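# Reading the structure
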Amino acid sequence: MKSDMARKRAYKIVSVVILVVLAFLFLFPLYWIVIGAFKTGKEINATTPVWFPSEWVLDNFSRLFSRRTAPLFSLFGIEGPTVPAAIRWLLNTVFMAVMAMVLTCITAAMAGYALAKKRFHGRAILFSLIVCAMALPKQVILIPLLKEMDFLGLYDNIWAVIFPTVGWPFGVFLMKQFSEGIPDEILEAARIDGASEAKTFTTIVVPMVKPGIGALAIFTFINSWNDYFMQLIMLASGSNFTISLGIATMQAETSIDMGMLMAGAALAALPIIIVFLIFQKYFTQGITMGAVKG
Amino acid sequence: MARQNQSAMSRALVRRETISAYLFLLPSLVFFVGFVIIPMMICIFNSFTDATMNAKTATSFVAFSNYQKLMGDATFLQALRNTFVIVLVSVPTVCAFSLWVSSAIYKLRGPVLSAFRCIFYLPVVTGSVAVTVVWKWMYNNYTGVFNYVLKDVLGVIDKNINWLGDERFALWCIILILFTTSVGQPIVLYVSALGNVDHSLVEAAQVDGATDFQVFWKIKWPQMMPTTLYILVITTINSFQCFALIQLLTSGGSGTNTVMYYIYYTAFKLTEQAGHFGYANAMGVVLAIFIAILSAVQFKLAKEK
């Protein structure tokens, strides 16, 4: 019995040690991006890696910023002041992710509520269509999607990236899961009190599915930020790029200037990591809820 | 009379419910139908035509000839083989690894648990472009950490290896990156599934003298089956769609071409038949069919258990 306990304890210690080592390995690429962004050219090109920079410099960022420029914004034919393209790319990315998030949350909350709480003709068919669409690879439809966007005059427009993200049915599925938790009696009571459908939805349903909306919001924001393939296909001109696409393009142009690429990677990754760390509680919840009955 | 009234009323009620339900669904349906269902239809339809990027040239119906051509296309077959290698290697390792990590961390104290969960999720959040850019540097022939650690620290190799340019290693290098960016979600899911396992059953088994291994295999594992199934399906889909890594690291060279990359290449890059959408769409359909079959098989296996 005693040796059994000892063996258990030994296993526990070994597994914690392995976990810590793994955690360091998983963190290493991120660490390498961040310190690489601030290293001098000499330390970046050293054949013996410099694990911690002896001198922190901003050269990499200044090369990144001076390499390409773009107007800060272009709205209705008016162009903003010229700024480093990376700044414009960040603005584009934030705009894209926020719009995708807001539209997805609104449409999915409404649709999820209807699917969970209303009995209507075509409900079963619609729901199985949604589940099937979710299981199919999203990227397979990107080429016809490009043709469609071209037809709609949206090619090389940030909305061409936003709309398909909103259309992806995961959000509806997630919100249906959350809406099922609303007690029928409350909805019934509201109806008897003569509340309109719109009023019931905004004053009763929305407050009750708030955690679901939070989870979906953060989930959509991060996914949209990182959906590189869609951005690659839909966007063509330098001033419409997102930050990921911009960095990827720079990488194709110059794979030698590692310092500048690390500065770019840091710029693309750090904002989204911060957002993730702030909202990770909701995020975890969203992932888990999406899987229930998945 | 009363009954007739009632049924008329309930019919009116049903109609009202249906109308209001569709009003709630409308905004979502516009996007879903417009940007998911319609492109899917176009994809299937175009796979039977010789559609190209150039809208002006007439498109003609070619029946199954795109599919027939695929079967004889050596590049496609190699891409298909690579895709299957990626899926067959990464899916089981991702599942096993995330299950082990989750069972090692799920009993830890709250903050420690979420710290570990975060760390394993970070490569996903970092985004494929930033991740590939840094890994490309780490794999670099002269300044990469891999060659330094393996040659100068561990002495496993005696000469620098051109990781991404060597056919023997390139695909495995990509699988390694894919692995680090795939385990985040399964770990989150397994941690929550392990937390939801019925504890009274576990305790009862322990009182009866079951070993930890028995408890895991006979009680926890069956209860986590739905989670495992979901993880299998999403990991399979993700591995099938491996694209950014290929495009940014090797552009399909050194024997790393995958179906997803070849679709992109055919539609946008191939010089002699640039923008061959019909052919690319046929590949997309084939890929979708493979994913559907694999998902169905996984579902069936899980049901039988």
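Residues numbered from 1 in each chain as written. Chains lettered and ligands numbered in written order. Predicted model: local features only at pLDDT ≥ 70, side-chain atom pairs only at ≥ 80, totals over all residues. Heavy atoms only, no water.

This brings us to the overall build of chain B. Helix and strand content of chain B: 14 helices and zero strands. Going from the N terminus to the C terminus, chain B shows its helices and strands as α-α-α-α-α-α-α-α-α-α-α-α-α-α. Relative to the globule expectation of 19 Å for 305 residues, the C-alpha radius of gyration of chain B, 25 Å, shows a markedly less compact shape. Across its three principal directions, the C-alpha atoms of chain B cover 95 × 75 × 35 Å. When each of the 305 residues of chain B is scored for burial, the buried share is 54%. Long-range contacts, defined here as pairs at least 24 residues apart, represent 66% of the contacts in chain B between residues at least 6 apart. (Helix = DSSP H or I, 4+ residues; strand = E, 2+ residues; numbered from the N terminus. Rg over C-alpha atoms; globule rule 2.2 N^0.38 Å. Buried < 20%, exposed > 50% of the residue type's maximum accessible area, 1.4 Å probe, protein only. Contact = heavy atoms within 4.5 Å.)

Let's shift gears to the overall build of chain A. The secondary structure content of chain A amounts to 14 helices and four strands. Against the 2.2 N^0.38 benchmark of 19 Å for 294 residues, chain A shows a C-alpha radius of gyration of 24 Å, more extended than a compact globule. Judged by the C-alpha coordinates and their principal axes, chain A covers about 80 × 75 × 35 Å. Counting the 294 residues in chain A, one finds 53% classified as buried. Intrachain contacts of chain A at a sequence separation of at least 6 include 66% that bridge at least 24 residues. Put simply, chain A shows about 13500 Å² of open surface, and 68% of that area lies on carbon and sulfur atoms. The average position of the 23 basic charges and that of the 17 acidic charges among the side chains of chain A differ by 10 Å. (Areas by Shrake-Rupley, 256 points an atom, 1.4 Å probe, with all protein chains shown as cover. Lys, Arg positive; Asp, Glu negative; His and termini not counted. Charge placed at Lys NZ, Arg CZ, Asp CG, Glu CD.)

With that settled, consider the domain arrangement of chain B. Its domain assignment divides chain B into domain 1 (1-46) and domain 2 (65-304). Computed over C-alpha atoms, the centres of domain 1 of chain B and domain 2 of chain B are 38 Å apart. (Domains from an automatic or database assignment.)

The next subject is the packing of aromatic side chains. All names here are of chain B. One pass over the full model with this rule turns up 51 aromatic pairs over all chains. Plain terms: the ring middles of F48 and F64 are 5.2 Å apart, the flat faces sit at 85° to each other, and that makes the pair edge-to-face. Of this pair, F48 sits in the loop between helix 1 (2-46) and helix 2 (65-71) while F64 is found in the loop between helix 1 and helix 2, placing the two residues 16 residues apart along the sequence. Ring plane angle 75° and centroid distance 5.0 Å describe the contact between F243 and Y264, whose orientation is recorded as edge-to-face. Of this pair, F243 sits in the loop between helix 11 (225-240) and helix 12 (244-249) while Y264 sits in helix 13 (residues 259-269), placing them 21 residues apart in sequence. (Phe/Tyr/Trp six-rings, centres within 6.5 Å; stacked < 30°, edge-to-face > 60°.)

Listed per partner, the contact involves 93 residues of chain A and 88 residues of chain B. Roughly 7900 Å² is buried in total at the junction of chain A and chain B, and carbon and sulfur atoms are behind 78% of that figure. For chain A, the biggest contributors to the area lost against chain B are L19, F26 and I143 of chain A; these three give 9% of the whole. In this assembly, chain A and chain B are joined by five residue pairs in polar contact (both at pLDDT 80 or more). (Buried area = accessible area lost by both parts, 1.4 Å probe. Polar contact = N/O pair within 3.5 Å; in protein donor to acceptor, adjacent residues only side chain to side chain.)

A few words on helix 13 of chain B. Counting buried residues along helix 13 of chain B, eight of its eleven residues qualify, which places the element largely inside the surrounding structure. Three or more residues of helix 13 of chain B are buried, namely V259, M260, Y261, Y262, I263, Y264, T266 and A267 of chain B.

Here we come to the nonpolar core. Ranked by size, the top nonpolar core spans 201 residues in total, and within it Y228, M234 and I243 of chain A together with F120 and M224 of chain B carry the most contacts. When neighbours within four sequence positions are excluded, M234 of chain A is seen to be in contact with L142, L145, L146, M149, Y155, D156, N157, A160 and V161 of chain A. (Core = buried A, V, L, I, M, F, W, Y, C linked by side-chain atoms within 4.5 Å.)

Residues and elements named next belong to chain A. Under the domain assignment, chain A is made up of domain 1 (2-44) and domain 2 (59-75 + 83-291). Listed as interface residues are nine residues of domain 1 and, on the opposing side, ten residues of domain 2. Around 670 Å² of area is buried between domain 1 and domain 2 when both sides are counted, 80% of it from carbon and sulfur atoms. Broken down residue by residue, the surface that domain 1 buries against domain 2 is led by I33, A37 and I44, which jointly contribute 59%. At the junction of domain 1 and domain 2, the tally comes to zero salt bridges. At the boundary of domain 1 with domain 2, the tally comes to three residue pairs in polar contact (both at pLDDT 80 or more). Tallying contributions element by element places helix 1 (residues 2-38) first for the side of domain 1 that touches domain 2, with seven residues. Considering only residue class, the side of domain 1 that touches domain 2 consists of seven nonpolar, one polar and one charged. (Salt bridge = Lys/Arg side-chain N within 4 Å of Asp/Glu carboxyl O. Nonpolar A, V, L, I, M, F, W, Y, C, P; charged D, E, K, R; others polar.)

Residue and element names in this part refer to chain B. With respect to the helices and strands, D73 occurs in the loop between helix 2 and helix 3 (74-105). In this structure, D73 is buried with no salt-bridge partner, the nearest side chain bearing the opposite charge being K69 at 7.1 Å. Of note is the side chain of D73, whose polar atom sits 2.9 Å from the side chain of Y262.

Looking at where Q241 of chain B falls in the secondary structure, it is placed in the loop between helix 11 and helix 12. In sequence terms Q241 of chain B and T83 of chain B are 158 residues apart; their C-alpha atoms lie 8.7 Å from each other. With near-sequence residues (within four places) excluded, Q241 of chain B lies in contact with P137, K138 and Q139 of chain A together with M260 of chain B.

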